[in-house]
Amino acid sequence: MKLTILGSGTCIPNPKRGSSGYVLETPSSKILLDCGSGTTWKLEKMGINYLEIDHIFFSHLHPDHTGDLVPFLFATKYSHNREREKPLFIWGGKGFNKFFNTLKKAYGSWIAPEHLNVDEIKGGSDTFDDFKILAVKTPHIESSLAYKIESEGKSIVYSGDTDYSESLIELSTNVDLLIIECALANESYKMRGHLTPNEVIKTINAAKPKKVVVTHLYTECDGENVVETIRSNVDAQVVEAQDLLELII
Ligand SMILES: [Zn+2]
Ligand SMILES: [Zn+2]
């Protein structure tokens, strides 16, 4: 699988980091995890045709994870000289159908391209073309989910936004790659719904993933050596998320 990080930041404008977006390519599927502001043009920048995305899985409904959905669908509907030729599946957690219907009330047919399917994840795992996905509830907001994706004998977990969670540890145990948020620069910033470096270290040491991408970094994190602190306290290989970084898993 190939992972491309499109946005490693948060809702706060940051010249280095855009809002959340990750694309995962398996031999026959292109999977978008979250679609924060700027995701659509960054796909094109990375040479990934946005009209070939098969699935979008949303971790939750906060605007820094969903802000580019309307531009993505508008560009899909009015794609000029290129056509979308295959189905697009869009998935989210509890409340996603209501959220999407509200967007449709505002934008109508502008965001209703052909071949569009929208639904809520009901729990458990689903198998698609050449990958399997499992969604697990996380402590952030009501709609929040972490995802585990398996393909070609490899496994990736994306935490979305989350507080410390035993279910995330269980989901991430022995995976090949854990993409984990570390929104808070140190313990003094602790607030409910996000992780501090110590909580990320505790999660990694319990779950033992082979490799870790630390992401969803607020601006303060870059000044506080958050990734270095995590790296020096765990056994796994730790990578700092960067916008437009590509990783092969
Ligand atoms: Zn967020
Ligand atoms: Zn959030």
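Basis of the calculations
- Residues numbered from 1 in each chain as written.
- Chains lettered and ligands numbered in written order.
- Predicted model: local features only at pLDDT ≥ 70, side-chain atom pairs only at ≥ 80, totals over all residues.
- Heavy atoms only, no water.
- Donors = N, O, S within 2.8 Å, 3.2 Å for Na, K, Ca; no water.
- Tetrahedral: all angles 85-135°; square planar, octahedral: opposite > 155°, others 65-115°.
- Helix = DSSP H or I, 4+ residues; strand = E, 2+ residues; numbered from the N terminus.
- Buried < 20%, exposed > 50% of the residue type's maximum accessible area, 1.4 Å probe, protein only.
- Patch = residues over 30% accessible without salt bridge, like charges linked within 9 Å, V, L, I, M, F, W, Y side chains within 5 Å.
- Areas by Shrake-Rupley, 256 points an atom, 1.4 Å probe, with all protein chains shown as cover.
- Salt bridge = Lys/Arg side-chain N within 4 Å of Asp/Glu carboxyl O.
- Pairing = 2+ DSSP bridges.
- Contact = heavy atoms within 4.5 Å.
- Polar contact = N/O pair within 3.5 Å; in protein donor to acceptor, adjacent residues only side chain to side chain.
- Axes fitted to C-alpha atoms, helices over the stretch in contact; angles between N-to-C directions.
- Right-handed = clockwise from strand over helix to strand, strands pointing away.
- Parallel < 35°, antiparallel > 145°, perpendicular 65-115°, else oblique.
- Left-handed = near helix turned anticlockwise from the far one by under 90°.

Caption draft 1: Spatial organisation of the coordination of the zinc ion (ligand 2). Bound to the zinc ion (ligand 2) on the protein side are His60 (NE2), His62 (ND1), His140 (NE2) and Asp161 (OD), at distances that span 2.1 to 2.4 Å. Coordination at the zinc ion (ligand 2) is irregular: its four donor atoms span angles of 93 to 166° at the metal. Sequence spacing of the donors to the zinc ion (ligand 2): H-x1-H-x77-H-x20-D. The metal-metal distance between the zinc ion (ligand 2) and the zinc ion (ligand 1) comes to 3.4 Å, with Asp161 coordinating both. One end of the pair, His60, is in the loop between strand 4 (55-57) and helix 2 (63-66); the other, His140, is in the loop between strand 8 (132-137) and strand 9 (145-151), with 80 residues separating them in the sequence. Just as His60 is buried, His140 falls in that class too.

Caption draft 2: How the structure looks around the coordination of the zinc ion (ligand 1). Taken together, the protein donors to the zinc ion (ligand 1) comprise Asp64 (OD), His65 (NE2), Asp161 (OD) and His216 (NE2), at separations of 2.1 to 2.2 Å. Metal-centred angles of 91 to 165° between the four donor atoms at the zinc ion (ligand 1) mark the site as irregular. Of note, the zinc ion (ligand 1) draws all its donor residues from one chain, in the sequence arrangement D-H-x95-D-x54-H.

Caption draft 3: Quick look at a nonpolar patch on the surface. Taken together, the side chains of Phe74, Tyr78, Tyr107 and Trp110 make up a nonpolar region of the molecular surface, amounting to roughly 440 Å² of accessible area. Secondary-structure assignment places Tyr107 in helix 4 (residues 96-107).

Caption draft 4: Broad picture of the pairing of strand 1 (residues 2-7). By the criterion of burial, strand 1 is predominantly enclosed, with five of the six residues buried. In the sheet, strand 1 pairs with strand 2 (residues 21-25) via five bridges, with the strands oriented antiparallel. When the bridges of strand 2 are listed, Leu3 appears paired with Leu24.

Caption draft 5: Seen up close, the environment of Asn49. Relative to the assigned elements, Asn49 resides in the loop between helix 1 (39-45) and strand 4. Residues Asn49 and Arg84, 35 residues apart in the sequence, show an inter-C-alpha distance of 9.9 Å. Asn49 has contacts with Glu44 and Arg82, leaving out every residue within four places of it along the chain. At 2.8 Å, the side chain of Asn49 forms a polar contact with the backbone nitrogen of Leu51.

Caption draft 6: Local environment of the sheet that holds strand 12 (residues 211-215). Spatially, seven strands are ordered 7-8-9-10-11-12-13 in an open sheet, and the strand pairing comes out mixed. Of all strands in the sheet, those with a lone pairing partner are strand 7 (124-127) and strand 13 (237-240), marking the two edges. Within this sheet the neighbouring strands show an average axis-to-axis angle of 20°, counted without direction. Here strand 10 (residues 154-158) runs beside strand 11 (residues 177-181); their pairing, made up of three bridges, is parallel. Residue Tyr158 lies in a different strand from strand 11, and its bridge partner there is Ile179.

Caption draft 7: Quick look at the pairing of strand 12. Of all five residues that make up strand 12, five are buried, and the element is covered over most of its length. Burial of the side chains of strand 12 extends over both faces: Lys211, Val213 and Thr215 are buried on one face and Val212 and Val214 on the other. With five bridges joining them, strand 11 and strand 12 adopt parallel strand pairing. What sits directly across from Ile179, in strand 12, is Val213. Running through helix 6 (residues 197-207), the crossover from strand 11 to the neighbouring parallel element strand 12 is right-handed. Where strand 12 and strand 13 come together, four bridges link them in parallel fashion. Residue pairing across strands places Val213 opposite Val239, the latter belonging to strand 13.

Caption draft 8: Structural view of the packing of helix 3 (residues 69-77) against helix 4. Viewed as axis vectors pointing N to C, helix 3 and helix 4 meet at an angle of 60°, and their least axial separation amounts to 12 Å. Taken together, the axis directions place helix 3 and helix 4 in an arrangement best described as oblique. Crossing of helix 3 against helix 4: the hand is right-handed. Contacts between helix 3 and helix 4 involve Leu69, Val70 and Leu73 from the former and Phe96, Phe99, Phe100, Leu103 and Tyr107 from the latter.

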